[in-house]
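# Descriptive analysis of the structure
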Amino acid sequence: MLVVSLDLRTRREADIRTVGVCAFFADELPELIARHGHLAMPGASELGIEPFSIVTPSGAFTLSLGRDTIVLRPGDDGAASVVLDDADFSDIVNDLKTPMTFLTAGTLRMSRGNVGDFLDWWVVLRSLIDGRAVHTRGAIAFRDANRDGVALDLARSFTPSDDDGEIARFVAETGFLHLRGWFDPQLMLEISADMDRALPTYTRDDGRSWWARTATGDDRCVRMQYFQEHSAGVRDLLTSDAFLRIGRMFSDGYVARADGNCIEALVKPIGVIEGISDVPWHKDCSLGMHSYRCCGLTTGISVTGADARSGQLRVVAGSHRALVQPAFVRRGSDLPIIDLPTATGDVTVHCSCTMHMAQPPVDRERRVMYTGFALPAHEAGGEAQQRAMAAIGAVREGAYKTVSQQPGHVA
Ligand SMILES: O=C(O)CCC(=O)C(=O)O
Ligand SMILES: [Fe+2]
């Protein structure tokens, strides 16, 4: 019987409301601190955060850590300070935007400090608003549900002959999965040839591709969206039992992408100096809406293999269960970083709130396709969520032009 669920959603359309800045700080936040301060304080103390100011047209407020509670005062005298529109502040409280939405869009306005300070306080605010504990060192353990009390082997991978329930329980604990030998390597070769044929049909600014410049002066298409339109092999794969089996392992009724940008084919060049090919540490919900949509599942299909020198995916185990900042792994994080080297035809799976990154290749290029599964919608429509989704989509699609990845990994 399938009983493993990854549905962490806590908000729906009806929960979205206009939050007045002054009313929030004067009435709501003091109450939230009284009710949930004990959930925020231990983790906030570990982060060791400095006073932080939020400045809006309606007023400025400063948050700081007191000895045993969070202290709120009017004014803009924190060590760090962010400037937000009233509407943006409302969107943050509603979990429709995060500090990463502004950073990625190039619209983050901080008069003192940096995004790290904002992210620390975002974690504290989420804890207070959502009633969820800020992560503390040692709080996340990995139990092997199939062997009572035994610690889980995080390096484990699975094959098609493994038991679906066992695989699903591994994902629920860790937030990721490595499936070995899931697809035929011959099919991957054919798909790679389809990628070669499709590449010249994509152009910079076509609205369906991402681009990056390399040290050798090339402008490369690194991500072909809507790739199912270019490959019969991919269309078959997306409706195959092997692929759909991944979503069926859970009790959530996961839905595979059926139209639009179903699958993205990535080519990872060596030596990227501008744009984004290898996305640095992030959760896929980092731009907002975690509490409306997580966990979605992202599957990475290895068209070529990958390792530490050829573009492998890395994940932070258990991060889908931890209230931590949604991007950049913080120095001193206790959660284990796991490398996911793959062979051609392997699949990686990660939850939308699992922290992950792609290691820039240094020896040879990598090819991988990303597609995935969403939780079934609670309700039709949802105008406010659609507006937020469109805003997040626009930020995501513009990212390769607004921000650049750090120059390649050299180790
Ligand atoms: O570049 C990769 O392999 C990872 C891409 C990714 O994480 C994303 O697009 O969200
Ligand atoms: Fe991602």
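Refer to the preceding data block for the structure.
None of the values given here were measured: they were computed from a predicted structure. (Residues numbered from 1 in each chain as written. Chains lettered and ligands numbered in written order. Predicted model: local features only at pLDDT ≥ 70, side-chain atom pairs only at ≥ 80, totals over all residues.)

## Points about the sheet that holds strand S2 (residues 59-65)
Here 5 strands make up an open sheet; going across it, the order is S3-S2-S1-S4-S5 and the pairing mixed. With partners counted over all chains shown, the strands left at the sheet margins are strand S3 (70-74) and strand S5 (110-112), one partner each. This sheet shows a mean twist of 20° between the axes of neighbouring strands, independent of strand direction. Sheet topology note: the S2/S3 ladder contains 5 bridges and is antiparallel. If you follow Leu65 over to S3, its bridge partner there is Ile70. (Pairing = 2+ DSSP bridges. Helix = DSSP H or I, 4+ residues; strand = E, 2+ residues; numbered from the N terminus. Axes fitted to C-alpha atoms, helices over the stretch in contact; angles between N-to-C directions.)

## With respect to the pairing of strand S7 (residues 209-214)
Bridge analysis of S7 against strand S8 (residues 219-224) gives 5 bridges, and the strand direction is antiparallel. Bridged to Trp210 within S8 is Arg223. In sequence, S7 turns back onto S8 through a hairpin of 4 residues, with Gly217 there showing a positive phi of about 90°. Two strands pair when backbone bridges link them, and S7 and strand S11 (residues 272-275) are joined in this way by 3 bridges, in the antiparallel orientation. Pairing of Thr214 across the sheet is with Val272, part of S11.

## Some remarks on helix H5 (residues 164-174)
Among all positions of H5, only Ile167, Ala168, Phe170, Val171, Glu173 and Thr174 are buried. On its buried face, H5 is in contact with strand S6 (176-179) and strand S15 (347-351). Downstream of H5 by a residue or two, Gly175 has a phi angle that is positive, lying close to 85°. (Buried ≥ 20, exposed ≤ 12 C-beta atoms within 10 Å, placed from the backbone. Contact = placed C-beta atoms within 7 Å.)

## Quick word on the pairing of strand S1 (residues 52-56)
The element S1 is extensively covered by neighbouring structure, given that 5 of its 5 residues are classed as buried. Here S1 shows a buried face lined by Phe52, Ile54 and Thr56 and a second buried face lined by Ser53 and Val55. In terms of strand pairing, S1 meets strand S4 (residues 80-83) through 4 bridges, oriented parallel. When the bridges of S4 are listed, Ser53 appears paired with Ser81. Strand direction decides the pairing type here: S1 and S2, joined by 5 bridges, are antiparallel. Counted as the bridge partner of Phe52 is Leu63 from S2. From the end of S1 to the start of S2, which pair antiparallel, there are 2 residues.

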